[in-house]
Amino acid sequence: MKDETRLTRLGRPHDERGQVNPSVARGSTMLAPSAAELYDFPPGRVHYGRVGLETHQALRGALTELQGGAGCALTSSGLMANTLSILASVEAGGTVLAADCIYGPVRNFLLTTMPKFGVKTEFFAPRMGAEIADLITDETQAILLESPGSLTMEMQDIPAIARVAREKGVITIIDDTWSAGLTLKPLQLGVDYAAQALTKYVGGHSDLLMGAVVARDEALFARLQATERSFGFHTAPDDVYLALRGLRSMAVRMERSFASSMAIADWLKSRPETGRILHPAHADHPDNALFQRDFTGGCGLFSVEFPGWDIPKSERFLDALDVFGMGFSWGGYESLAIHCDPQLKRTRTTHRHDGALIRFAIGLEAPEDLIADLERGFAAVA
Ligand SMILES: *Cc1c(COP(=O)(O)O)cnc(C)c1O
């Protein structure tokens, strides 16, 4: 079956009650049927609520199946999906190789928290492929990918990097929030852990923070789960239910946002103010061939260069918009725009663009209304 169909079926209860959706199962204490089973519980029996009840099982099962993995851990944010994957993969004395385009707060975690545990990070130029072999040393324990990268949208050759890493015994992690595990299947391309912010397209309504990590095989899953449980991470069942609810309509929402984003990208390209369009699915993107090869679709998130613009000019443009909101996060029903320059950080490479970089997250509005809004913005800076 196609993913659109699977999204309507995965994680649903099939019991005699006939309920379409799982219940929101709240609970800490789970009573044991006998004194013997208090300490020696059979596999599969939940002995304590922290590990998650039926609502959690439904969402974890759905995400695992959607990605074709061996198991899933839920986290309280997308950031924590990344940090949990890293913690499960490394130990003192190790080095993480991270794409220089990773999400800023993950960069911060690697640079401020991991050194306390004796783990170093080195960044690599984000348009990377099999040549990553030259950067791997005896200390390298994990490679962190994000493709397309946050804000600047560079792409990596995911299967090539996964192959090299596997040969050298290095774990690969991808922050796969852009595809939501729907239009890209990183585990099928050989990646070990697929982490994402469910906050974005899975939630889809800007009312939820959550993350998930899906592991490629049983051994990787055991490692992930042991780490998750030792820290005591937990997600609230009401939020888990919301994520599962969002998952049902995710394919249509993403398809709509993607189609509108391509129409808007084409319109922007026709404007004299616009430089390069950094949308993986757009012919302007330098790594468009990787997108065509590995992805089955896109989403509504892309960035655009405006040559010659400075930050005050970007601010005037953004302040003139009425339909687009300004805010972090994305993947909700409402369109957003932000100027990226104040938060662009790079260690190993510089992202060179002439002028300003503005990121657009296209929601579910009519593209005509969004284009009219952008015309207002251009008029304000003319
Ligand atoms: C938003 C985002 C995150 C963090 O998600 P939160 O749920 O807000 O913590 C991580 N990675 C990427 C690529 C994101 O866009």
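Remember, it's a predicted structure, so these values are computed and weren't measured experimentally.

K.L.:
Just checking my understanding: could you explain the pattern of salt bridges for this structure?
P.N.:
When the charged atoms of two side chains with opposite charge come close together, those side chains can pair. This model, assessed by the stated rule, comprises 14 salt bridges. Between Asp238 and Arg26 there is a salt bridge, with the nearest N and O atoms lying 2.6 Å from each other. Taken together, the residues span a long stretch of sequence, with Asp238 in helix 8 (residues 237-269) and Arg26 in the loop between helix 1 (3-7) and helix 2 (35-39) at a distance of 212 residues. What makes Asp238 partly exposed here is its relative accessible area of 35%.

K.L.:
What is the right way to look at the environment of Asp138 in this model?
P.N.:
Positionally, Asp138 belongs in the loop between strand 3 (120-124) and strand 4 (140-146). Accessibility expressed as a relative area gives 79% for Asp138, which makes it exposed. The sequence separation of Asp138 and Ala379 amounts to 241 residues, and the corresponding C-alpha distance is 56 Å.

K.L.:
For this particular structure, what's the right way to read the packing of aromatic side chains?
P.N.:
Each aromatic ring pair is described using two quantities: the centre-to-centre distance and the angle formed by the ring planes. With the rule as written, the count across this model stands at 14 aromatic pairs. Between the aromatic rings of Trp178 and Phe295, the centroid separation amounts to 5.7 Å while the plane-to-plane angle is 80°, which identifies the pairing as edge-to-face. Of this pair, Trp178 sits in the loop between strand 5 (171-175) and strand 6 (193-197) while Phe295 sits in the loop between helix 9 (288-294) and strand 9 (301-306); the two residues are 117 residues apart in sequence, bridging distant segments of the chain. The exposure class of Trp178 is buried, given its relative accessible area of 4%. Each member of the aromatic cluster is reached from another via a ring pair, and the members are Trp267, Phe306, Trp309, Phe317 and Phe378.

K.L.:
Is there a simple way to explain the UniProt feature "modified residue: N6-(pyridoxal phosphate)lysine" (unreviewed entry) in the chain in this structure?
P.N.:
Feature annotation in UniProt assigns "modified residue: N6-(pyridoxal phosphate)lysine" (unreviewed entry) to the following positions: Lys200. Within the secondary structure, Lys200 sits in the loop between strand 6 and strand 7 (211-215). With near-sequence residues (within four places) excluded, Lys200 lies in contact with Thr177, Ser329, Trp330 and Gly331.

K.L.:
Honestly, the sheet that holds strand 8 (residues 277-278) in this entry has me stumped. Any pointers?
P.N.:
The strands that make up a sheet are held in pairs by hydrogen bonds between backbone atoms, and each pair lies either parallel or antiparallel. Across the sheet, four strands lie side by side as 8-9-11-10; this open sheet has antiparallel pairing. Looking along the sheet, the strands with just one partner apiece sit at the ends: strand 8 and strand 10 (336-339). Looking at chain direction, strand 8 and strand 9 are connected through two bridges and run antiparallel. Its bridge partner being in strand 9, Ile277 is matched across the sheet by Val304.

Cut-offs used in this document
By convention here, each chain's residues receive numbers from 1 onward along its written sequence. Where local features are concerned, this predicted model is filtered to residues with pLDDT of at least 70; where side-chain atom pairs are given and counted, the filter is 80 or more; whole-chain, interface and lining totals use all residues. Water and hydrogen atoms were dropped before computing side-chain values, which therefore reflect all heavy atoms in the structure. Basic side-chain nitrogens of Lys or Arg form a salt bridge, by our definition, when they fall within 4 Å of a carboxyl oxygen of Asp or Glu. Think of it this way: any DSSP run of H or I at least four residues long counts as a helix, any run of E at least two long counts as a strand, and we number them from the N terminus. Exposure classes here rest on a 1.4 Å probe applied to the protein chains alone. A residue is buried below 20% of its type maximum, exposed above 50%, and partly exposed in between. Only Phe, Tyr and Trp rings take part, Trp by its six-membered ring, and two of them pair if their centres are within 6.5 Å. Stacked means planes under 30 degrees apart, edge-to-face means over 60, and tilted covers everything else. UniProt positions are given in the numbering used here, feature names are shortened, and annotations may be inferred rather than shown by experiment. Between two residues, a contact is recorded if the distance between any of their heavy atoms is within 4.5 Å. Two strands are counted as paired when DSSP detects at least two bridges linking them.

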